[in-house]
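Structure assessment
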Amino acid sequence: MDPLPSPSPLATRLRNTLVRYHGIADGEWRVAKKTKDATVWRKPSEEFSGYLYKAQGVVEDVTNRIVDHIRPGPYRLDWDSLMTSMDILETFEENCCVMRYTTAGQLWNIIAPREFVDLSYTTNYEDGLLTCGISLDYGEVRPNFVRGFNHPCGWFCVPLKGCPNHSLLTGYIQTELRGMLPQSAVDTAMSSTLANFYSDLKKALKS
């Protein structure tokens, strides 16, 4: 088991990586899925052999409340239909922690339940917030789970111009599910998961 890395340099690198993804030109993305709540794009990842996904949609709420529902804390487990458990393993500061969480099986259990251990970091970005994460090789894998790995990922949430009670939520996700999986199954699951994320989040914010 690797020791926990020093959080501050890792958090800084993580933020810089996400800001770079946020600056990728529109022409480099290909649409993977569109729903009434969000559009999902993808491009080949620089980190592994899969894809970096981008998701974007307008959410009717203020940035702080939206990010409170996304980052590790009391809300996320209540509304995220994919997440089945979450434990905070270590807290460094109010905005930085290591968490372990598990996800449900997907596509009729073609994709078995996964476990992740992530460093999570939330910071200011422009007039809003960025909450981001990256997986760590830390701790023993629980029985009946496959350990997945999140390459740099995160959510930018900023007020919608001219509409302060709405926010533009943009996510970048590149999850290496690991295990023996057909790439087509992974692509289907990732696109659907990201689209469902927006609809589940919107329902939670209205409740």
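For the structure, check the block above.
Worth saying up front: this structure is predicted, and the values here are computed from it rather than measured.

**So, the overall build of the protein**
Looking only at helices and strands, the protein has 4 helices and 12 strands in total. A globule of 207 residues ought to have a C-alpha radius of gyration of about 17 Å, and the protein, at 16 Å, matches this closely. Here the C-alpha coordinates of the protein stretch approximately 50 × 40 × 35 Å along the principal axes. Partitioning the intrachain contacts of the protein with sequence separation of at least 6 by distance along the chain shows that 58% fall at a separation of at least 24. Counting every atom, the protein has about 10,400 Å² of accessible surface; 50% of that belongs to carbon and sulfur. Treating the 22 positive side-chain charges of the protein as one cloud and the 24 negative ones as another, the clouds have centres 6 Å apart.

**Topic: the environment of Ser 135**
Inspection of the secondary structure assignment puts Ser 135 in strand β7 (residues 128-135). Remark: the alpha-carbon pair of Ser 135 and Glu 176, spanning 41 residues in sequence, is separated by 10.0 Å. Apart from the residues within four sequence positions on either side, Ser 135 is in contact with Phe 116, Val 117, Asp 118, Gly 148, Phe 149 and Asn 150. Within polar-contact distance, the side chain of Ser 135 engages the side chain of Asp 118 at 2.6 Å. A distance of 2.7 Å separates the side chain of Ser 135 from the backbone nitrogen of Asn 150, its partner in a polar contact.

**Looking at the packing of aromatic side chains**
The tally for this structure, following the rule as stated, stands at 10 aromatic pairs. When the centroid spacing of 4.4 Å and the interplanar angle of 10° are considered together, the rings of Trp 155 and Phe 197 count as stacked. Taken as a pair, Trp 155 in strand β10 (residues 153-160) and Phe 197 in helix α4 (residues 183-206) lie far apart in primary sequence, 42 residues in all. Taking the relative accessible area as the measure of exposure, Trp 155 reaches 7% and is therefore buried. Classification of Phe 197 by relative accessible area gives buried; the value is 8%. An aromatic cluster is present here, built from Tyr 21, Trp 29, Tyr 125, Phe 156 and Tyr 172 joined pairwise through their rings. Geometry around Trp 41 places Lys 54 over its ring, the cationic atom sitting 5.2 Å from the centre.

**Section: the nonpolar core**
In this structure, Ile 66, Trp 155, Leu 169, Tyr 198 and Leu 201 are the most contacted members of the largest nonpolar core, which totals 31 residues. Tallying contributions element by element places α4 first for this core, with 9 residues. Apart from residues lying up to four places away in sequence, Leu 169 is in contact with Ala 55, Gln 56, Gly 57, Val 59, Ile 66, Ile 70, Trp 155, Phe 156, Cys 157, Tyr 198 and Leu 201. Within the second largest apolar cluster, 22 residues are counted, among which are Leu 130, Ile 134, Leu 136 and Tyr 172.

The rules behind these values
Residues numbered from 1 in each chain as written. Predicted model: local features only at pLDDT ≥ 70, side-chain atom pairs only at ≥ 80, totals over all residues. Heavy atoms only, no water. Helix = DSSP H or I, 4+ residues; strand = E, 2+ residues; numbered from the N terminus. Rg over C-alpha atoms; globule rule 2.2 N^0.38 Å. Contact = heavy atoms within 4.5 Å. Areas by Shrake-Rupley, 256 points an atom, 1.4 Å probe, with all protein chains shown as cover. Lys, Arg positive; Asp, Glu negative; His and termini not counted. Charge placed at Lys NZ, Arg CZ, Asp CG, Glu CD. Polar contact = N/O pair within 3.5 Å; in protein donor to acceptor, adjacent residues only side chain to side chain. Phe/Tyr/Trp six-rings, centres within 6.5 Å; stacked < 30°, edge-to-face > 60°. Buried < 20%, exposed > 50% of the residue type's maximum accessible area, 1.4 Å probe, protein only. Lys NZ or Arg CZ within 6 Å of the ring centre and 35° of its normal. Core = buried A, V, L, I, M, F, W, Y, C linked by side-chain atoms within 4.5 Å.

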